[in-house]
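Fold and contact review
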Amino acid sequence: MIHDLLIAAAQALAIAALAPLVVGFTRRLKARLVGRRGPSPWQPYADLRKLFAKEVVVSENASWVFRATPYVLFAVMLVAAAVVPVLVARPAPAFAGNLILVMYLFLLGTFFLALAGLDTASAFGGMGSSREVAISALAEPTVILSVFALALRSGTIDLGGIVERLGAEPRLAANPAHLLAFGAFFIVMLAETGRLPVDNPATHLELTMIHEAMVLEYSGRYLALVEWASAMKLTLFMTLLANLFLPWGLPGGLTVAAMAGGLVALVVKLAALALLLALVETSVAKLRLFRVPELLAGSFALALLSVAAVFLVR
Amino acid sequence: MLRQLRAALGVGVVTEPPAPASEIEALGVTLRGEIARLFGRSLHIRQVDAGSCNGCEIEISGLTGPHYDLERFGLHFVASPRHADCLLVTGPVTRNMAEALRRTWEATPDPKLVIAVGDCSRDGGIFAGSYAIAGGVADVIPVDAVILGCPPSPKALLAGLLDAMGRLRQ
């Protein structure tokens, strides 16, 4: 039991510690691709440390929702990191690896962030909330469906089970349907974590913002927690993508050495995905808001085809 | 898409090289040291246009481009005063912007720094005495440093930021 808790804690710690580096590394790669030298990959850690030391300014119209949201967001990401396959294929708690649970943990965070955006009654906050909710409603079925394609092929809905089965039988992964599901999941990752072409993480223009518009009112340690949580969300989505679709290097055993090996494999896979993300973000323009549903419908179609292919291509 | 990526990789980094002779680099590195001492290697700037002709804005946006690349020194422009450590205020303060500027200052969490940019921001510049002008930036909110020039070049802006850091430390 203690052993199980330690593994869950190690996973949460690894995601929390790596998340700012993933964001910083992606920024550095993007800067390089547009001919700049860019900030150091460690810059997000300095930003977080500074924000934790700063004063907090809160609108006098804000309610408890505004104050609670950063903690809810951060807690949700820690729990999600503890139950998905990060360092080991099958983390401890009995409910661990349940796809539905993970999906709705993310949605709980989104729900609170959307409420917080509305809470201070700033015009941009409400606009951001309405866009975020619309996009997550469209992205949610695709996340579920693309993982279902993997679940059908490996015969279990448990994320740990999928990783173990696909890792043991690479023949199952060598399938065009696998690629379709990967594409679908990658597109919803861009939508859910506020990356181009759905949302621009570097924008200063309020009218084009989605995620940023909801957090405009946050400052000091609240902002630090929100930013950290959204970096963790990106890292978690990339981890899911890495470990579900390329399930190699994840240890089955639960020794410290095996987990260290799992961490190395994770860092390599995250770096490769960060490069892919930077390449995509540098080469596409932001989509007009009303074109976003078309992109998400496209990714839903990919996921649907992938599920259908399970029955067609045996 | 591929053509774009090939162009991006072919052109390479156009940011000033880290040669010791480069003044920009020297200024930036010293500035980074000062920021490290005061804000912990991270300074977030909110630019406020209080009635400027946009000359200063063009120079400021030059700082973020590939040539000067201010982000490599740990500086970053943000979208909200709540996220900022430093307000970069340009232009004479017009009557219509005076209240907005005051509120922006109140919305910025402490510790904060106010830097007025351009000749107009000191006393109204060529607009001084106009009925539309409430005065310089210092007439509305407390100012820590003024960067003169009409408009100041990006290099002068970097030097001015450095100067403001030094003054804040004393």
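Since the model is a prediction, treat every value here as computed from it, not as a measurement. (Residues numbered from 1 in each chain as written. Chains lettered and ligands numbered in written order. Predicted model: local features only at pLDDT ≥ 70, side-chain atom pairs only at ≥ 80, totals over all residues.)

A short note on the overall build of chain B
To be explicit about the condition: Numbered from the N terminus, helices here are DSSP runs of H or I no shorter than four residues, and strands are runs of E no shorter than two. Here a residue counts as buried when 20 or more other C-beta atoms sit within 10 Å of its C-beta, as exposed when there are 12 or fewer, and as partly exposed otherwise, the C-beta atoms being derived from the backbone. By the convention adopted here, residues make contact when the C-beta atoms placed from their backbones lie within 7 Å.
When helices and strands are tallied, chain B shows six helices and seven strands. Walking chain B from its N terminus toward its C terminus, one meets helices and strands in the order α-α-β-α-β-β-β-α-β-α-β-β-α. Here chain B holds 170 residues, and 44% of them are scored as buried. Put simply, 79% of the contacts in chain B that link residues at least 6 apart link residues at least 24 apart.

Some thoughts on the interface of chain B and chain A
Quick note on the threshold: Three classes are used, and their members are as follows: Ala, Val, Leu, Ile, Met, Phe, Trp, Tyr, Cys and Pro are nonpolar, Asp, Glu, Lys and Arg are charged, and the others, Gly among them, are polar.
In this complex, chain B contributes 26 residues to the contact, which on the side of chain A involves 29 residues. Looking at the side of chain B that touches chain A, the element that brings in the most residues is helix H1 (residues 2-11) of chain B, giving four residues. Grouping the constituent residues of the side of chain B that touches chain A by class yields twelve nonpolar, eight polar and six charged.

Concerning the nonpolar core
Applied cut-off: Buried Ala, Val, Leu, Ile, Met, Phe, Trp, Tyr and Cys residues whose C-beta atoms connect them within 7 Å together make up a nonpolar core.
The biggest cluster of nonpolar side chains holds 100 residues, and the ones touching the most others in it are A:Val22, A:Ala80, A:Ala81 and A:Leu241. The element that contributes the greatest number of residues to this core is helix H10 (residues 220-245) of chain A, accounting for 18 residues.

Focus on the sheet that holds strand S1 (residues 43-49) of chain B
Residues and elements named next belong to chain B. The criterion, for reference: A pair of strands is considered paired only if DSSP assigns at least 2 bridges between the two. To define axes, lines are fitted to C-alpha atoms, for helices over the stretch in contact only, and angles between the resulting N-to-C directions are given on a 0 to 180 degree scale.
Here we have five strands laid out as an open sheet, ordered S2-S1-S3-S5-S7, and parallel in their pairing. Of all strands in the sheet, those bounded by a partner on one side alone are strand S2 (75-77) and strand S7 (145-147). The average undirected angle you get between the axes of adjacent strands in this sheet is 30 degrees. Summarising the sheet, S1 and strand S3 (residues 86-90) pair through five bridges and their orientation is parallel. Bridge pairing in S3 places Val 48 opposite Val 89. Against the sheet, helix H3 (residues 55-64) makes contact with S1, S2, S3 and strand S5 (113-117), and its axis sits at roughly 140 degrees relative to S3, the strand it touches most. Against the sheet, helix H4 (residues 95-107) engages S1, S3 and S5, with an angle of about 165 degrees to S3.

Looking at helix H11 (residues 256-283) of chain A
Note the threshold: Multiplying one less than the number of residues by 1.5 Å gives the expected span of a helix.
Taking 1.5 Å per residue as the helical rise, H11(A) with its 28 residues ought to reach 40 Å, and the 41 Å between its terminal C-alpha atoms agrees with that figure. Buried residues belonging to H11(A) abut helix H1 (2-33) and H10 of chain A.

Let's talk about the confidence of the model for chain A
The criterion, for reference: Residue-level confidence of the predictor, termed pLDDT, takes values from 0 up to 100.
Residues with a pLDDT of 70 or more make up 96% of chain A, whose mean pLDDT is 86. At the level of individual helices and strands, chain A shows its lowest average pLDDT in helix H7 (residues 170-173) of chain A, which scores 73, and its highest in helix H3 (residues 64-83) of chain A, which scores 92.

Examining the environment of B:Ile45
Among the secondary structure elements, B:Ile45 is positioned in strand S1. Each C-alpha atom, one on B:Ile45 and one on B:Val114, is 9.7 Å from the other, the two residues being 69 residues apart in sequence.

Quick word on the pairing of S5(B)
All names here are of chain B. Within S5, five of the five residues are buried, which leaves the element mostly enclosed by the surrounding structure. Residues Leu 113, Ile 115 and Val 117 point to one face of S5 and Val 114 and Ala 116 to the other, with burial holding for every one of them. Bridge count for S3 against S5 is five bridges, and the pairing is parallel. Along S5, the bridge assignment pairs Leu 88 with Ile 115.

Topic: H3(A)
Residues and elements named next belong to chain A. Heads up, the rule is: Note on bend: the value at a residue is the angle between axes fitted to the seven residues ending there and to the seven starting there.
Taking 1.5 Å per residue as the helical rise, H3 with its 20 residues ought to reach 28 Å, and the 28 Å between its terminal C-alpha atoms agrees with that figure. At Pro 70, H3 shows its strongest bend, of approximately 25 degrees. Among the residues making up H3, those that are buried are Phe 66, Thr 69, Pro 70, Leu 73, Val 76, Met 77, Ala 80, Ala 81, Ala 82 and Val 83.

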